[in-house]
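Topology and contacts: notes
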Amino acid sequence: MNNNIALECRGITKTFGHVVANKNVNLSVKRGEILSILGENGSGKTTLMNMISGIYFPDQGSIFVNGTEVSIRSPKDAFNLKIGMIHQHFKLVDVFDATENIVLGLSGKKFNIKKAKKEIQETCDKYGFEIDLSKKIYDMSVSEKQTVEIVKVLYRGADILILDEPTAVLTPQEIQKLFAVLRRMRDDGKAIIIITHKLHEVLELSDRVSVLRKGEYIGTVNTAESTEQSLTEMMVGEKISLDIDRPEPHDTKDRLVVKGLDCFNADGVKVLDDISFVAKSGEILGIAGIAGSGQRELLEAIAGLQKLSGGEIVYNDPKTEKAENLRNKTPIEIKNLGVRLSFVPEDRLGMGLVGNMGIADNMMLRSYKRGKSMFLERKEPKKLANKIIDDLKVVTPDANTPVRRLSGGNVQKVLVGREIAASPTVLMAAYPVRGLDINSSYTIYNLLTEQKEKGVAVIFVGEDLDVLLDLCDRILVLSDGRVTGIVDGRTAKKEEIGLLMTKSKEGK
Amino acid sequence: MLSFLVSAIRLGMTFLLGSTGETITEKAGHLNLGTPGVMCVGAACGCFVEDLYLSQTGLYADPVIAVLLPVAAAFIGSAVMGLLFSFMTVTLKVNQNVTGLALTTFGVGVSDYIISQTGLAFQRGSKFFNASFSFAEDLGWFGELFLSHGFLIYLAIFIALLTTFVFNKTKIGLHLRAVGENPATADAAGINVSAYRYAATCIGCGISGLGGLCFIMNYLNGNWEYCIDAIGWLAIALVIFTVWKPSIAILGSIVFGGLYIANTYITGFTIQDNELFKMLPYIVTIIVLLFTSIRDSKKNQPPQSLGITYFREER
Ligand SMILES: Nc1ncnc2c1ncn2[C@@H]1O[C@H](COP(=O)(O)OP(=O)(O)O)[C@@H](O)[C@H]1O
Ligand SMILES: [Mg+2]
């Protein structure tokens with residue numbers, strides 16, 4: 001046996017009720033190697049990793065660490081085997097500061113926060129992390145939280161590192177930083193397993209790729225010998241095209257005219273500064289920008305959820321041909337006009353879905369007002385739920401399974417599908433593919449294009465510049481709460497947009 | 001005025017013991033609505049054992065044992081209640097609110113039964129409990145206010161301070177808070193969530209139970225009254241009132257004590273006014289609750305997973 005193998009799984013099977021999350025899965029990762037795990041949403045990647053880190057216990061199969069069979073019954077066992085996992089949903093205590101979170105659960109050593117802090121700082125310096133160890137988690141950005149998670153695992157001396165979709169919520173710059181750290185750790189002899197849906201990241205970072213499909217192990221390939229196309233085929237099981245269809249817009253009308261929007265946040269910082277643009281029907285308007293440049297505030301302003309200090313939002317109603325100023329309307333009135341917002345926040349849970357209810361009941365939450373009798377009308381929502389399950393290929397036993405149980409990506413499909421189903425006239429989708437696998441992402445892109453063809457004014461906030469350039473007719477670039485440019489999606493260059501994204505207030 | 005303050009302190013320390021125990025329990029994520037029942041059981045066990053001891057020893061009772069023995073009995077009896085609560089909620093995963101309410105009803109019943117085996121009069125025992133520093137009388141109002149109390153009163157303050165210290169300065173405290181805030185995180189960090197919840201609940205209940213004993217022996221001077229559960233609800237309110245900080249509760253409990261008995265010291269009130277006065281602690285608590293939630297301060301919030309049962313494979 002190759003004694004360079006740090007971790008090996010053989011014939012792992014795990015079921016939840018009658019959902020088979022993993023079926024006879026094999027996996028191995030060597031020291032000084034980065035292994036990617038690829039698979040559609042709900043294919044059982046997180047479940048497999050959770051078994052390695054002691055959260056779940058496998059029904060069948062065995063796990064070997066450094067060549068010896070082990071039984072990992074709790075996270076503590078995993079630590080003792082020097083396995084550390086960075087979970088998809090961070091496991092941090094909000095009201096603690098970074099240091100407290102990092103030392104949490106450590107046994108043996110005498111409790112000495114000051115000393116621990118110094119040691120942690122050394123770990124940070126070694127790998128080049130910049131982090132304020134006294135900052136409370138609730139004051140941190142997503143990327144800071146992730147850094148805390150990584151430092152925590154390293155400080156505990158993990159040799160096998162598992163990262164579950166670490167890049168889903170990071171900006172391109174943050175991702176590059178993370179990759180640099182991971183490479184340094186690999187060169188340090190650690191074994192690293194990373195889950196990501198972004199194929200170019202897989203190709204850029206990893207040495208080998210293992211693929212799961214519907215809980216089954218498909219195979220492992222060397223990254224050097226694969227392409228986006230070949231990996232996608234392994235993952236999906238059939239040939240699919242990776243091109244986005246972009247028909248020319250026709251019959252466009254000015255649907256939403258935004259003029260000089262100003263907005264301050266709760267801390268009195270100006271988050272929107274003199275924003276003006278037009279969203280046309282039958283067109284996809286992309287919004288690009290570094291995370292936190294005002295995207296959220298802008299969309300919320302249009303949806304009536306933000307208090308504005310200046311400017312106006314004129315909505316040209318296609319039914320009445322009247323121009324309405326949305327600033328004077330309540331969120332419900334705006335929604336009834338057909339302006340719909342689906343926002344997928346950075347933490348993808350807790351985003352307008354009730355975890356304990358099934359898909360059908362969650363549909364009802366949005367449409368109950370339309371019910372004619374005083375009793376709940378279950379037929380329609382159920383039909384809608386089943387339609388979304390079919391159209392978007394949501395992996396779930398049935399429409400009544402609590403959405404909390406679905407894998408992250410599937411929860412998201414439900415969320416986006418619900419807004420689209422409301423047949424809006426303006427559809428705002430912010431990060432709708434955050435964390436979605438390739439196939440589902442394309443399903444969503446096609447849905448947006450379909451809406452555009454129906455004459456809906458689509459506003460799409462995205463992270464991936466390549467996608468924005470493939471999907472959108474026009475792209476508005478935000479930087480620091482200001483519009484730094486509106487470019488044509490067909491002719492613009494990636495570099496051009498990148499520059500606009502970082503253009504600062506002084507106009508440099 | 002002086003006797004008002006002295007009474008307020010003695011009643012207050014009853015609240016303090018109850019609420020410190022409840023705070024420890026809640027910090028681990030257990031919302032124990034059984035505390036009123038637990039305090040009843042604590043009082044009954046303590047009084048019963050005191051009765052037994054004094055009847056055995058007659059006139060030769062040892063003043064130290066006469067205090068420590070009932071205290072131990074009250075602690076153990078209440079801790080058993082905590083064990084029951086933990087078994088139901090951690091092991092059997094029954095809803096915490098339901099378990100707590102059932103425990104209150106159960107505790108009141110049990111204590112009534114235990115106490116029916118005694119003569120309902122513990123004045124002799126109470127003397128031991130209220131025994132204080134002999135030099136207190138020489139120090140005028142200062143001595144009366146601060147030094148005239150019995151062992152349990154000082155123990156209450158000591159426990160509250162110790163608890164604050166453990167919460168903020170020790171590893172156990174850090175782990176305990178993590179369990180109450182986010183059990184999944186604590187679990188993933190290698191902390192035994194169930195063990196912490198069991199331990200915190202048993203110890204917390206034990207301390208709450210001492211509050212019941214303190215009420216009978218120190219405040220009521222050994223006259224049994226069937227109203228300890230009302231004190232228990234106020235202890236739970238006090239936890240909220242002091243935003244889960246036992247150190248603040250030392251003063252907060254005296255305020256509660258004062259409000260609760262204000263009517264008997266201010267003359268010229270009708271019975272209706274009395275009841276209004278007794279309502280004040282609850283109103284103040286609601287105001288505090290409103291205040292903390294409006295301010296949305298991240299620091300003064302209940303433990304995030306309070307009342308939520310943890311199951312590792314559930315998500
Ligand atoms: N704790 C759980 N209870 C019930 N079903 C679960 C649980 N965890 C995962 N599943 C199911 O197992 C399947 C695989 O989920 P997951 O491992 O999260 O997928 P991935 O991480 O690849 O997106 C999904 O169908 C999901 O609904
Ligand atoms: Mg996952």
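Residues numbered from 1 in each chain as written. Chains lettered and ligands numbered in written order. Predicted model: local features only at pLDDT ≥ 70, side-chain atom pairs only at ≥ 80, totals over all residues. Heavy atoms only, no water.

Here we come to helix H6 (residues 172-187) of chain A. All names here are of chain A. Between the first and last C-alpha of H6 there are 23 Å, a value that for 16 residues agrees with the 22 Å anticipated at 1.5 Å per step. All buried positions along H6 are accounted for by Ile175, Leu178, Phe179, Val181, Leu182, Met185 and Arg186. For H6, the angular spread of the buried residues around the axis is 165°, confining them to a single face. Those residues of H6 that are exposed and aimed more than 90 degrees away from the buried face are Lys177 and Asp187. Count one or two residues on from H6 and you reach Gly189, which has phi positive near 95°. (Helix = DSSP H or I, 4+ residues; strand = E, 2+ residues; numbered from the N terminus. Expected span 1.5 Å × (residues − 1). Buried < 20%, exposed > 50% of the residue type's maximum accessible area, 1.4 Å probe, protein only. Arc of directions from axis to C-beta.)

Let us look at the interface of chain A and chain B. Facing the 33 residues of chain A at the interface are 23 residues of chain B. In this assembly, chain A packs against chain B so that about 2,500 Å² is buried in total across both faces, 57% of it on carbon and sulfur atoms. Broken down residue by residue, the surface that chain A buries against chain B is led by Leu104(A), Phe111(A) and Tyr138(A), which jointly contribute 22%. Residue Arg177(B) pairs with Glu100(A) through a salt bridge whose shortest N-O separation is 3.9 Å. Taken together, chain A and chain B are joined by six residue pairs in polar contact (both at pLDDT 80 or more). Secondary-structure elements contributing two or more residues to the side of chain A that touches chain B are strand S1 (5-16), helix H2 (75-80) and helix H3 (98-103) of chain A. Among the elements that line the side of chain A that touches chain B, the one with the most residues is H2(A), at three residues. Tallied by class, residues from the side of chain A that touches chain B come to 16 nonpolar, seven polar and 10 charged. (Contact = heavy atoms within 4.5 Å. Buried area = accessible area lost by both parts, 1.4 Å probe. Salt bridge = Lys/Arg side-chain N within 4 Å of Asp/Glu carboxyl O. Polar contact = N/O pair within 3.5 Å; in protein donor to acceptor, adjacent residues only side chain to side chain. Nonpolar A, V, L, I, M, F, W, Y, C, P; charged D, E, K, R; others polar.)

Right, let's get into the layout of surface pockets. Residue and element names in this part refer to chain A. By volume, the second largest pocket is sized at about 930 Å³. Of all the elements in the fold, those that place two or more residues in the lining of the second largest pocket are H6, helix H7 (199-205), helix H14 (438-453), strand S18 (457-461), helix H15 (465-471) and helix H16 (494-502). A breakdown of the residues in the lining of the second largest pocket according to their chemical character gives 20 nonpolar, 11 polar and 12 charged. Both domain 1 (5-236) and domain 2 (251-338 + 427-433 + 457-499) contribute no fewer than three residues apiece to the lining of the second largest pocket. (1 Å grid on protein atoms, 1.4 Å probe; cavity = no way out; pocket = protein on both sides within 12 Å on 5 of 7 lines; lining within 4 Å. Points joined across faces, edges and corners; volume = space filled by probe spheres on them. Domains from an automatic or database assignment.)

What follows concerns the pairing of strand S7 (residues 160-164) of chain A. All names here are of chain A. Taken across its five residues, S7 has five buried, putting it largely inside the fold. Where strand S6 (residues 83-86) meets S7, four bridges bridge the pair, whose relative direction is parallel. Its bridge partner being in S7, Ile86 is matched across the sheet by Leu163. Bridge analysis of S7 against strand S8 (residues 191-195) gives five bridges, and the strand direction is parallel. Directly across from Leu163, in S8, lies its bridge partner Ile194. For the handedness criterion, the β-α-β arrangement of S7, H6 and S8 is classed as right-handed. (Pairing = 2+ DSSP bridges. Right-handed = clockwise from strand over helix to strand, strands pointing away.)

Bringing the domain arrangement of chain A into the picture now. All names here are of chain A. By the assigned domains, chain A splits into domain 1 (5-236) and domain 2 (251-338 + 427-433 + 457-499). The centre of domain 1, based on its C-alpha atoms, is set 36 Å off from the matching centre of domain 2. Listed per partner, the contact involves four residues of domain 1 and four residues of domain 2. Joining domain 1 to domain 2, the criterion identifies zero salt bridges. Taken together, domain 1 and domain 2 are joined by zero residue pairs in polar contact (both at pLDDT 80 or more). Split by residue class, the side of domain 1 that touches domain 2 holds one nonpolar, three polar and no charged.

Our next topic: a nonpolar patch on the surface. Residue and element names in this part refer to chain B. Among the surface-exposed residues, Leu101, Trp233, Leu276, Met279, Tyr282, Ile283 and Ile287 lie close enough to one another that they form a single nonpolar patch of about 610 Å² accessible area. For the nonpolar patch, the element with the highest residue contribution is helix H13 (residues 271-295), accounting for five residues. Mapped onto the fold, Tyr282 is located in helix H13. (Patch = residues over 30% accessible without salt bridge, like charges linked within 9 Å, V, L, I, M, F, W, Y side chains within 5 Å. Areas by Shrake-Rupley, 256 points an atom, 1.4 Å probe, with all protein chains shown as cover.)

Residue and element names in this part refer to chain A. For the magnesium ion (ligand 2), the protein coordination sphere consists of Thr46 (OG1) and Gln88 (OE1), at 2.0 to 2.6 Å. Here the residue Thr46 occupies a position in helix H1 (residues 45-52), and Gln88 occupies one in the loop between S6 and H3, the gap between them amounting to 42 residues. Accessibility classification places Thr46 together with Gln88 in one group, the buried group. (Donors = N, O, S within 2.8 Å, 3.2 Å for Na, K, Ca; no water.)

Take the site of ligand 1 next. Around ligand 1 sit 17 residues in total, of which Gly42(A), Lys45(A), Thr46(A), Thr47(A) and Glu313(B) are the nearest. Mapping the residues near ligand 1 onto chains gives chains A and B. Here Gly44(A) contributes a backbone N or O atom positioned 3.0 Å from an oxygen atom of ligand 1. For ligand 1, the accessible surface in isolation is 560 Å², of which the surrounding protein chains cover 94%. Those elements that provide at least two residues to the shell around ligand 1 are strand S2 (19-30) and H1 of chain A. Among the elements that take part in the shell around ligand 1, H1(A) stands out by supplying three residues, more than any other. Residue composition of the shell around ligand 1, grouped by class: five nonpolar, seven polar and five charged. (Near = heavy atom within 4 Å.)

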